[in-house]
Amino acid sequence: MIPLFKQYPHLRENLPYISLGSFPTPVIEAEKLGASIGLDRLYIKNDGVTHHVFGGNKIRKLEFLIGKAVRNGHKEVMTFGGAGSNHATATAVCARQVGLRSISMLMPQAISSTLQNNLLMSHYHGAELHLFDPPETLIPGVRRILGEYKAKSGIAPLLIPFGGSNPTGIMGFVNAALELKEQVDAGLLPEPDLIYTAVGTMGTLTGLRIGIHAAGMKTEVVPVRVIDETSANVKKYMNLFRRTLSFLKKNDPSFPLPLIRENDMKFRHDFFGEEYGKSTPEGMEAIALMKENQGLPLEGTYTGKALACLIADARKGKLQGKTVLFWDTYNGNDITNMIKDLDYHELPSEFYPYFQQA
Ligand SMILES: *Cc1c(COP(=O)(O)O)cnc(C)c1O
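Please read all numbers here as calculations on a predicted model, not as lab measurements.

Caption draft 1: Broad picture of the site of the ligand. Among the 15 residues in the neighbourhood of the ligand, the closest are listed as Lys58, Lys61, Thr201, Thr204 and Thr329. Here an oxygen atom of the ligand sits 2.8 Å away from a polar atom, N or O, in the side chain of Lys58. Contacts to the ligand include Thr204, whose side-chain N or O atom sits 2.7 Å from an oxygen atom. For the ligand, whose accessible area on its own is 380 Å², the fraction buried by protein is 98%. Cavity membership is defined here by more than half of the atoms lying within 2 Å of grid points; on that basis the ligand lies in the largest pocket. Those elements giving two or more residues to the shell around the ligand turn out to be α4 (58-71), β7 (194-199) and α9 (203-214). Taken together, the residues of the shell around the ligand break down into 5 nonpolar, 8 polar and 2 charged.

Below is the structure:
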């Protein structure tokens, strides 16, 4: 049983959940990477292997979100993201796993090989793909497609927000912090002083902060912003945090809630670069260092930038004597074999330009 349900029986009764991945994920002592940047105690929480087909942090949220779709009798789930969204791809894989159809409502995004692979991977897993360019066409598109499916299936698809970051999905990361605490108690690592993680839709961050408090740990999360500040900012974060706390309170009045203090909500902004999805030189160096020293694959949109922040802090001596954990949120499975025989012409034609330019 997952730690959240072991410790909070009311949540076990009240929350939707379906097991989709493999947990707990391993903790790796990253001695070589640590030594190369002057850290004595560097660990990696490898969420790359949350799932045997397509791992990464979204699987944790999807166990609750897809659980909700199944419990409420939906036939489809509809989700949202950039064209190369890891979340949309993970949703396609997990929906297929339980026999639901997934519909991906995608927005324009900078081209990268990860983006191309994710589109093909979503298609391979039967997702229905739509591109909304310009993004203002999204809302009318959602209305139309929801209406069509409601007429066809008798029930509208379950809406899963960008990144799976609503209170239901965030339960996956509250649980993740409790999972980490069990690993600390088992002696796999000391309690971390700091956890570095990439921040997109802020669900990972919100869940970790709440779960760390519930677990009685003093660990601080260092949130490295990798998307536009109009999407990830203190105001939106406070709002998501509050909504998640009321959700928990409603489902288990005994759950220990942390205080919300605006001062604790500081993001790291310096590693974003120019644009969401566009890699930075520091991010590329971080990816290379991880590959060379620990053999783990990262990417340039999220994890490369988050690790770049950790590396910069280490090199400045800011992490002297600290136990530091890097939360690896990116799929670690090699998916190239699965998509190698796919031709992008099988996708809707609005996606062709993503395969025709550099
Ligand atoms: C979605 C994602 C994140 C960010 O998680 P949020 O909960 O959206 O903040 C980080 N890393 C990777 C690889 C992701 O796909």
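Caption draft 2: Empty space enclosed by the protein, seen in detail. In this structure the tally under the stated criterion is 1 cavity of 30 Å³ or more. Roughly 40 Å³ of volume is contained in the largest cavity. Along its surface, the largest cavity is lined by Tyr17, Phe23, Arg60, Glu63, Phe64, Gly172 and Asn175. Put simply, the parts of the chain that give the lining of the largest cavity at least two residues each are α4 and α8 (167-185). With 3 residues, the single largest contributor to the lining of the largest cavity is α4. For the lining of the largest cavity, a count of residues per class yields 3 nonpolar, 2 polar and 2 charged.

Rules behind the numbers
Residues numbered from 1 in each chain as written. Predicted model: local features only at pLDDT ≥ 70, side-chain atom pairs only at ≥ 80, totals over all residues. Heavy atoms only, no water. Near = heavy atom within 4 Å. Polar contact = N/O pair within 3.5 Å; in protein donor to acceptor, adjacent residues only side chain to side chain. Areas by Shrake-Rupley, 256 points an atom, 1.4 Å probe, with all protein chains shown as cover. 1 Å grid on protein atoms, 1.4 Å probe; cavity = no way out; pocket = protein on both sides within 12 Å on 5 of 7 lines; lining within 4 Å. Sits in = over half its atoms within 2 Å of the grid points. Helix = DSSP H or I, 4+ residues; strand = E, 2+ residues; numbered from the N terminus. Nonpolar A, V, L, I, M, F, W, Y, C, P; charged D, E, K, R; others polar. Points joined across faces, edges and corners; volume = space filled by probe spheres on them.

Keep in mind that these numbers describe shape and distance, not what the molecule does.
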